[in-house]
Amino acid sequence: MSALANHAFAKMNGIGNEIVVVDLRDSMGNLAAQVTAEDARAVASPAGVPYDQLMVLQPPRLQGTEAFIKIYNSDGSEAGACGNGMRCVVRRVFERTGQSAVTFETRAGLLNCWQGPAPDLYTVDMGAPKFGWQDIPLAEEFRDTRYIELQVGPIDNPVLHSPSVVSMGNPHAIFWVDDVNAYDLERFGPLLENHPIFPERANITLAHIVDRDHITMRTWERGAGLTRACGSAACATAVAAARLKRTNRIVEMTLPGGKLGIEWRERDDHVLMTGTAEFEYEGRFDPALFASVA
Ligand SMILES: N[C@H](CCC[C@H](N)C(=O)O)C(=O)O
C-alpha cells in the first residue's frame, strides 16, 4: 500500500503554481516510506489533488536541517528544485513551529529560508546557478551558454532561437522575446522540453526584458506543462539576463500568476527568491487513489 494512503496533505500555491505539501516525517518509524512516481501520478489524477509539484518532507539527513525534501512533477518525474513549492513548505512549517528561519535539504543542496521582508513574504536562498554545459546538462559541448544553438520553426526564419541555459538544480532554457504572449508555448514547449539537446529534458521560458529592473516571463515546465508560475525559472531568467548585462542583479519578475523578487547576490553568487505562499485547504489522500499502484 502507498505511503500516502490516508496521509494528510496541504494544498497550497506559490503565485498560482499548484503545490501539494506532504509531511512524511511523522512516519519516521517507516523510513522506507517512499513516494513512488506512480503515487505522484495518482495524486495528480483528476480523482486526486491535481497539482504542478508535490513536495514531500522526509526526515532530515543532515544536522541542522529541518527535513529532506523530495520534489515530484505531476508526471511523476523528480526535480532538484522548486522555488514556489519551497515557499509553500516554509510557510507550512513556520505556521506549525513558530520558527522564522529554517534550512532544508533537497537533491540540489541546502536551502536557507526565512520569513520576510514583509509578514506575508518568504525568501528562499536557492543557491548558486550553474552555467557549464555539463551542469545544465546539455548533450553536447557549448562553450558559451549565454546563447546556444537551438531553434524551432523554419531554419531560415526560426520562431524561437538562441536561448540562454542555466541550472538552478534543475535545467532551464530561456528564450528572449518582445512579447511572451505572442508564442504558442503549449505547442513549442513540449518540443523544446523533450529536445535531444536536453538529456534530462528542460523547463522552457519565454522572457521579455522590460528594463534593467523588470522582466516578464511565461514558462512551460518540465514534467508539469504550462504553469502560472515557476520559481526556479524566475531565478534562472534573472541570472541569465544579468549575465548578458541586460539587467541589474536585483530584479522584479512578473509571471502570469504574480510577482517574485530575485537577487543574484554579489558576495556568494547565491540567488535569493522572495514571494508569497498561499494556503488553500488540507485533507487526507483517499486510499482508493492508490489501488492500482503496485
Ligand atoms: N518542473 C521543474 C520543477 C518545478 C519548478 C517550479 N515549479 C518552481 O517553482 O521552481 C523541473 O522539473 O525542473
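Looking at an unreviewed UniProt entry, one finds the protein named Diaminopimelate epimerase and attributed to Bradyrhizobium jicamae. Entered under Pathway (unreviewed entry) in the UniProt record, the comment concerning the protein runs "Amino-acid biosynthesis; L-lysine biosynthesis via DAP pathway; DL-2,6-diaminopimelate from LL-2,6-diaminopimelate: step 1/1."

Caption draft 1: Region of the structure containing the overall build of the protein. The secondary structure content of the protein amounts to four helices and 19 strands. Relative to the 2.2 N^0.38 estimate, which gives 19 Å for 294 residues, the radius of gyration of the protein is 19 Å and therefore close to what a compact globule would have. With respect to the three principal axes, the spread of C-alpha positions in the protein is 60 × 40 × 30 Å. For the protein, buried positions account for 55% of its 294 residues. Partitioning the contacts of the protein with sequence separation of at least 6, the portion at a separation of at least 24 is 62%. Element-wise, carbon and sulfur atoms account for 49% of the exposed surface of the protein, whose accessible area totals about 12600 Å².

Caption draft 2: View of empty space enclosed by the protein. Overall, the coordinates contain two cavities of 30 Å³ or more when judged by the stated rule. Of the voids in this model, the largest cavity is the one considered here, and its volume is about 80 Å³. Every residue lining the largest cavity is counted, 15 residues in all, and those nearest its centre are Gln53, Asn73, Ala81, Asn170 and Glu221. Listing elements by their share of the lining of the largest cavity, those giving two or more residues are strand E4 (68–73) and helix H4 (231–243).

Caption draft 3: Layout of the UniProt feature "active site" (unreviewed entry) in the protein. The UniProt feature table records "active site" (unreviewed entry) at Cys82 and Cys230. Taken along the chain, the residues just named run across 149 residues; in space they keep tight, none of their C-alpha pairs more than 7.6 Å apart. Residues that both appear in the annotated list above and line the largest cavity are Cys82 and Cys230. For cysteine 82, the position within the fold is in the loop between strand E5 (78–79) and helix H2 (83–97). Sequence-distant contacts of cysteine 82, defined by excluding residues within four places in its chain, comprise Ile19, Gln53, Met55, Ile71 and Met126. Under the relative-accessibility criterion, cysteine 230 is labelled buried at 3%. When sequence neighbours within four positions are dropped, the list of residues in contact with cysteine 230 reads Asn17, Asn84, His172, Met217, Thr219, Glu221 and Leu255.

Caption draft 4: The arrangement of helix H1 (residues 37–44) in detail. For H1, every residue scored as buried is listed here: Asp39, Ala40, Ala42, Val43 and Ala44. On its buried face, H1 sits against strand E3 (53–58) and E4.

Caption draft 5: Just the environment of serine 167, in detail. Looking at the element boundaries, serine 167 is found in strand E11 (residues 164–167). Classification of serine 167 by relative accessible area gives buried; the value is 5%. As for serine 167 and asparagine 73, which are separated by 94 residues in sequence, their C-alpha atoms are 17 Å apart. Here the side chain of serine 167 touches glycine 169 through a polar contact of 3.0 Å, landing on its backbone nitrogen.

Caption draft 6: Just the confidence of the model for the protein, in detail. For the protein, per-residue confidence averages 96 on the pLDDT scale, and residues scoring 70 or more make up 97% of the total. Scored as a complex, the prediction yields pTM 0.97 and ipTM 0.96.

Caption draft 7: Main features of the nonpolar core. Counting residues in each nonpolar core, the largest one holds 56 residues, and the members touching the most others are Val21, Met55, Phe104, Met253 and Ile262. Per-element tally for this core: the top contributor is H4, with nine residues. If near-sequence neighbours (up to four positions away) are discounted, phenylalanine 104 is found in contact with Leu57, Glu66, Ala67, Ile69, Met86, Val89, Val90, Val93, Gly109, Leu110, Leu111 and Cys113.

Caption draft 8: Examining the packing of aromatic side chains more closely. According to the stated counting rule, one finds five aromatic pairs in the structure shown. Relative to phenylalanine 285, the ring of phenylalanine 9 lies with its centre 4.6 Å away and its plane at 20°, an arrangement referred to as stacked. You can see phenylalanine 9 sitting in strand E1 (residues 8–14) and its partner phenylalanine 285 sitting in the segment after strand E19 (278–284), a full 276 residues away along the chain. Across the pair, exposure class does not vary: phenylalanine 9 and phenylalanine 285 are buried alike. Where phenylalanine 94 meets tyrosine 122, the ring centres are 6.5 Å apart and the plane angle is 50°; that geometry is what we call tilted. Here tyrosine 122 lies in strand E8 (residues 122–125) and phenylalanine 94 lies in helix H2, a separation of 28 residues in the sequence.

Caption draft 9: Region of interest: the pattern of salt bridges. Taken as a whole and assessed by the stated rule, the structure comprises 17 salt bridges. Between glutamate 282 and arginine 92 there is a salt bridge, and its shortest N-O distance comes to 2.6 Å. Of this pair, glutamate 282 sits in strand E19 while arginine 92 sits in helix H2, and the two are 190 residues apart along the sequence. A relative accessible area of 52% means that glutamate 282 is categorised as exposed. Judged by relative accessible area, arginine 92 falls into the buried class, the value being 15%. Measuring nitrogen to oxygen at the nearest pair gives 2.9 Å for the salt bridge that ties aspartate 144 to arginine 146. One network of salt bridges, with partners in common, ties together Asp125, Arg265, Arg267 and Asp268.

Analysis parameters
Residues numbered from 1 in each chain as written. Predicted model: local features only at pLDDT ≥ 70, side-chain atom pairs only at ≥ 80, totals over all residues. Heavy atoms only, no water. UniProt positions renumbered as here; feature names shortened; annotations may be inferred. Helix = DSSP H or I, 4+ residues; strand = E, 2+ residues; numbered from the N terminus. Rg over C-alpha atoms; globule rule 2.2 N^0.38 Å. Buried < 20%, exposed > 50% of the residue type's maximum accessible area, 1.4 Å probe, protein only. Contact = heavy atoms within 4.5 Å. Areas by Shrake-Rupley, 256 points an atom, 1.4 Å probe, with all protein chains shown as cover. 1 Å grid on protein atoms, 1.4 Å probe; cavity = no way out; pocket = protein on both sides within 12 Å on 5 of 7 lines; lining within 4 Å. Points joined across faces, edges and corners; volume = space filled by probe spheres on them. Polar contact = N/O pair within 3.5 Å; in protein donor to acceptor, adjacent residues only side chain to side chain. pLDDT = per-residue confidence, 0-100. Core = buried A, V, L, I, M, F, W, Y, C linked by side-chain atoms within 4.5 Å. Phe/Tyr/Trp six-rings, centres within 6.5 Å; stacked < 30°, edge-to-face > 60°. Salt bridge = Lys/Arg side-chain N within 4 Å of Asp/Glu carboxyl O.

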